[in-house]
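# Secondary and tertiary structure notes
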Amino acid sequence: MSQLLEVNSLYVHHGQLCAIDDVSFTLPEGEILAIVGANGAGKSTLLRTIAGLHRQTSGSIVLGGDDIGKLTPNRRVRRGISLVPEGRRLFASMTLEENLLVGASHANEGPFNVKRIYELFDWMPARRKQSVWQLSGGEQQAVAIGRALVANPRILLLDELSLGLAPIVIERIYALIPEIVASGVSILIVEQDVAQGVAVADRVHCLLEGKTSLVGIPSELTAQQIDRAYFGADLTPTTTGAAAS
Amino acid sequence: MIWLNILIQGTLIGGFYALFACGLSLMFGVLKVINLAHGDMAVVAGYVAVFLTPHLHIPEIWSFLVVVPIFGLIGYIVQRTLIQKSIDRDPFTTLLVTFGLSVVIENLLLEVYSANGQTVNIGAIGYESWHPGSIFYISYVSLGVLGTAVLVLLILQMFLSRTNTGRLIRAVADDREAAQMSGANYRHIFGIAAAIAFATVALAGIAYGMMTQFAPTSGGVNLLFAFEAVVIGGIGSLWGTLIGGVALGIAQQFGAHFNVGYQILAGNVLFLIVLAIRPQGLFGRKTALS
């Protein structure tokens with residue numbers, strides 16, 4: 001399968017701090033890659049760097065054969081990278097529909113448009129004239145996903161979808177992911193909630209303090225291996241591993 | 001009757017303040033830049049209308065047709081070069097740069113055109129007024145300026161809410177990074193916002209020259225009034241700016257009724273009261289996305 005996205009020995013610094021330390025991975029077309037890791041492991045920094053909101057210190061980001069590492073974030077949108085940012089970051093003064101229209105303003109060719117988003121989230125049409133701050137957290141997250149999808153990305157970057165949402169809402173949002181992939185979008189997902197990320201992904205990439213600590217296919221990894229890569233310590237399941245997490 | 005007259009005269013001058021202030025409000029709302037040269041740009045527009053457009057054989061009353069588009073272009077260029085460079089450094093730099101621009105403009109105008117007062121000559125209509133009652137004099141020019149202000153705000157409102165570019169301007173104002181993630185080149189959007197701001201302030205500058213005399217240093221005091229109108233009305237609200245301008249105008253007329261020396265004082269007092277009681281302004285929003 002052809003590689004859609006290749007990240008090669010990426011280093012990103014926040015001032016003196018090395019937030020991403022020699023990370024490499026590939027994302028084949030039509031796959032879901034989950035980046036998991038604890039708070040501060042560098043997951044969000046990695047996504048934001050791929051989206052162009054941070055500059056890498058060194059290393060390359062290659063999309064469909066082109067190095068996009070020097071492009072501005074808005075140029076990368078036109079190449080097919082859309083980010084659903086952590087905390088949703090909707091346009092607070094606008095209605096639901098206006099948020100989607102902004103997302104569609106620089107859209108690529110593809111299956112998604114505002115009408116298609118309304119089919120995907122069938123509660124939206126009735127509330128399209130409402131201000132986004134009147135929506136619940138889960139609904140806002142759906143608008144954020146819709147706003148990114150409507151640009152017809154080749155890769156959707158999802159940053160901490162589950163943050164601050166009720167489990168039932170998280171489940172409903174994750175249920176959409178197979179449908180999004182089926183329409184030809186590859187997904188790079190960042191999650192603090194390991195179980196959630198592992199359940200949906202084709203492959204898992206674990207980060208620990210900016211370094212790759214584990215790479216694998218979910219069905220082939222044991223819970224112990226993941227715990228170890230996540231915390232950087234051995235939490236043996238025979239003792240109080242579950243309680244410690 | 002005298003109070004009604006105060007309301008009428010205050011509203012008329014308030015229309016001018018709103019026209020003058022809407023560009024300032026837009027620059028602050030979208031670029032987060034307080035343009036301290038805003039008032040001076042208006043004065044420059046007045047000088048261009050008086051001294052340069054006659055060379056094109058355009059009557060001064062129609063000079064805005066040429067001056068406003070030129071200032072829009074200048075706004076875009078100044079934003080993409082000077083102001084963007086200072087935004088990229090830090091917010092404080094923008095204050096220094098626009099303040100410096102203000103000093104340079106005032107002194108250049110003094111050097112070239114001297115400190116003499118100038119007016120935009122529009123003929124006899126400049127002195128005529130409508131006289132509906134014994135003590136009411138409504139100047140045609142002031143009425144025209146108020147009408148222009150309302151029209152400009154209406155067009156701006158429609159542009160921001162109905163067009164794609166207008167939506168992008170609001171998106172960048174709300175969240176610059178998220179707008180970039182929707183494919184918007186925020187520098188270009190900043191340029192468009194600055195172009196609108198410069199175009200409206202050019203219109204305000206010419207209107208000022210039709211209403212009264214201006215000199216190279218007239219920008220400063222008008223910038224103060226515009227700033228007060230924006231804060232009273234609430235930052236980010238166009239109609240708030242109109243209400244703020246009118247409130248300021250009425251307060252000034254009210255003060256002037258007791259003593260001409262109280263005119264500006266009364267406006268400043270209203271400004272301070274609003275800041276103390278309702279810092280977000282009459283129509284400003286406090287709510288934000290959690």
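Thresholds applied
- Residues numbered from 1 in each chain as written.
- Chains lettered and ligands numbered in written order.
- Predicted model: local features only at pLDDT ≥ 70, side-chain atom pairs only at ≥ 80, totals over all residues.
- Helix = DSSP H or I, 4+ residues; strand = E, 2+ residues; numbered from the N terminus.
- Buried ≥ 20, exposed ≤ 12 C-beta atoms within 10 Å, placed from the backbone.
- Contact = placed C-beta atoms within 7 Å.
- Rg over C-alpha atoms; globule rule 2.2 N^0.38 Å.
- Nonpolar A, V, L, I, M, F, W, Y, C, P; charged D, E, K, R; others polar.
- Pairing = 2+ DSSP bridges.
- Axes fitted to C-alpha atoms, helices over the stretch in contact; angles between N-to-C directions.
- Expected span 1.5 Å × (residues − 1).
- Parallel < 35°, antiparallel > 145°, perpendicular 65-115°, else oblique.
- Left-handed = near helix turned anticlockwise from the far one by under 90°.
- Core = buried A, V, L, I, M, F, W, Y, C linked by C-beta atoms within 7 Å.
- pLDDT = per-residue confidence, 0-100.

### Observations regarding the overall build of chain B
Helix and strand content of chain B: 11 helices and two strands. Ordered by position in the sequence, the α and β elements of chain B form the string α-α-α-α-β-β-α-α-α-α-α-α-α. Projected onto its principal axes, the C-alpha positions of chain B cover 60 × 50 × 35 Å. Every one of the 290 residues in chain B was classed for burial, and the buried ones make up 48%. Across chain B, contacts joining residues at least 24 apart in sequence account for 74% of those joining residues at least 6 apart.

### Notes on the overall build of chain A
Assigned secondary structure in chain A consists of 10 helices and 10 strands. Radius of gyration (C-alpha) of chain A: 18 Å, near the 18 Å computed for a compact globule of 245 residues. Here the C-alpha coordinates of chain A stretch approximately 55 × 40 × 35 Å along the principal axes. Residue pairs at least 24 apart in sequence account for 68% of intrachain contacts in chain A once pairs closer than 6 positions are excluded.

### As for the interface of chain B and chain A
The interface of chain B with chain A comprises 19 residues on the first partner and 25 residues on the second. Of all the elements in the fold, those that place two or more residues in the side of chain B that touches chain A are α6 (164–174) and α7 (176–180) of chain B. Top contributing element to the side of chain B that touches chain A by residue count: α6 of chain B, with six residues. Of the residues that constitute the side of chain B that touches chain A, the class distribution is eight nonpolar, six polar and five charged.

### Some points on the sheet that holds strand β9 (residues 203–208) of chain A
Residues and elements named next belong to chain A. Taken in spatial order, the six strands line up as β6-β7-β8-β3-β9-β10 in an open sheet, and their pairing is mixed. At either margin of the open sheet sits one strand with a lone partner, and together these are β6 (81–84) and β10 (211–216). Mean inter-strand twist for the sheet, computed between neighbouring axes without regard to direction, equals 20 degrees. With five bridges connecting them, strand β3 (residues 32–37) and β9 associate as parallel partners. What sits directly across from isoleucine 35, in β9, is histidine 205. Helix-sheet contacts for helix α5 (residues 137–149) involve β6 and β7 (155–159), and the interaxial angle to β6 is about 170 degrees.

### A short note on α5 of chain A
Residue and element names in this part refer to chain A. Its 13 residues place the ends of α5 18 Å apart at the C-alpha level, agreeing with the 18 Å of an ideal helix rising 1.5 Å per residue. Most of α5 is tucked away: 10 of the 13 residues are buried. Contact partners of the buried residues in α5: β6, α3 (96–104), α4 (114–120), β7, α6 (167–174) and α7 (177–182).

### What about the packing of helix α2 (residues 38–52) of chain B against helix α4 (residues 91–113) of chain B?
All names here are of chain B. The interhelical angle for the contact between α2 and α4, taken along N-to-C directions, is 25 degrees, at an axis separation of 10 Å. In this view, α2 runs roughly parallel relative to α4, as classed from their interaxial angle. When the axes of α2 and α4 are compared, the crossing they make is left-handed. Of α4, the residues touching α2 (which contributes Asp40, Val43, Val44, Tyr47 and Phe51) are Ser102, Ile105, Glu106, Leu109 and Tyr113.

### Observations regarding the pairing of β10 of chain A
Residue and element names in this part refer to chain A. Sheet topology places β9 next to β10; five bridges connect them, and they run antiparallel. From the neighbouring strand, leucine 208 faces β10, where its bridge partner is lysine 211. Remark: two residues form the turn of the hairpin made by β9 and β10, two consecutive strands paired antiparallel; glutamate 209 in that turn has positive phi of roughly 50 degrees.

### Digging into the nonpolar core
As a rule of thumb, soluble globular proteins bury nonpolar side chains together. If you look at the biggest cluster of nonpolar residues, it comprises 155 residues, and the most contacted ones within it are Leu157 of chain A together with Leu19, Ala193, Ala194 and Ala202 of chain B. For alanine 202 of chain B, the residues in contact, after removing those within four places along its chain, are Met41, Ala42, Ala45, Val67, Val68 and Phe71 of chain B.

### Points about the sheet that holds strand β4 (residues 58–63) of chain A
All names here are of chain A. In spatial order, the strands read β2-β1-β4-β5; together these four strands make up an open sheet with antiparallel pairing. Among the strands making up the open sheet, the edge pair consists of β2 (17–28) and β5 (66–67). The sheet contact formed by strand β1 (residues 3–14) and β4 spans five bridges and is antiparallel. Residue pairing in the sheet places glutamate 6 in a bridge with valine 62 of β4. Contacting β1, β2 and β4, helix α1 (residues 43–51) runs over the sheet at an angle of about 65 degrees to β2.

### Some words on unusual backbone geometry
Residues and elements named next belong to chain A. For serine 9, which is not glycine, the phi dihedral falls at a positive 30 degrees. Structurally, the position occupied by serine 9 is in strand β1. The backbone of arginine 88 shows a phi angle near 75 degrees, a positive value even though the residue is not glycine.

### What about the pairing of β4 of chain A?
All names here are of chain A. As judged from the two bridges shared by β4 and β5, these two strands associate in the antiparallel manner. From the neighbouring strand, leucine 63 faces β5, where its bridge partner is aspartate 66. Two successive antiparallel strands, β4 and β5, enclose a turn made up of two residues, where glycine 64 displays a positive phi of approximately 55 degrees.

### Notes on the environment of phenylalanine 16 of chain B
Note on placement: phenylalanine 16 of chain B falls in helix α1 (residues 2–31). Setting aside residues up to four positions removed in sequence, phenylalanine 16 of chain B forms contacts with Val145, Ala149, Ala204, Ala207, Tyr208 and Met211 of chain B.

### Focus on the environment of lysine 32 of chain B
Residue and element names in this part refer to chain B. Inspection of the secondary structure assignment puts lysine 32 in the loop between α1 and α2. With 13 C-beta atoms packed within 10 Å, lysine 32 lands in the partly exposed category. For lysine 32 and proline 216, which are 184 residues apart along the polypeptide, the C-alpha to C-alpha distance reads 27 Å.

### Considering the confidence of the model for chain B
All names here are of chain B. With 98% of its residues at a pLDDT of 70 or more, chain B shows a mean pLDDT of 92. Ranking the elements of chain B by mean pLDDT puts strand β1 (residues 129–130) last, at 87, and helix α8 (residues 186–211) first, at 96. Taken together, the chains of this predicted complex give a pTM of 0.90 and an interface ipTM of 0.88.

### Re helix α10 (residues 238–258) of chain B
One turn of an α-helix holds 3.6 residues; hence residues three or four places apart share an orientation. Spanning 21 residues, α10 of chain B covers 31 Å between terminal C-alpha atoms, matching the ideal 30 Å at 1.5 Å per step. In terms of burial, α10 of chain B is a largely internal element, 15 of the 21 residues being buried.

### Observations regarding the environment of glutamine 213 of chain B
Residue and element names in this part refer to chain B. Topologically, glutamine 213 is positioned in the loop between α8 and α9 (218–233). Since 13 C-beta atoms lie within 10 Å of it, glutamine 213 is described here as partly exposed. Taking the C-alpha atoms as reference points, glutamine 213 and threonine 119, separated by 94 residues in sequence, lie 5.0 Å from one another. Among residues more than four places away in sequence, those in contact with glutamine 213 are Gly117, Gln118 and Thr119.

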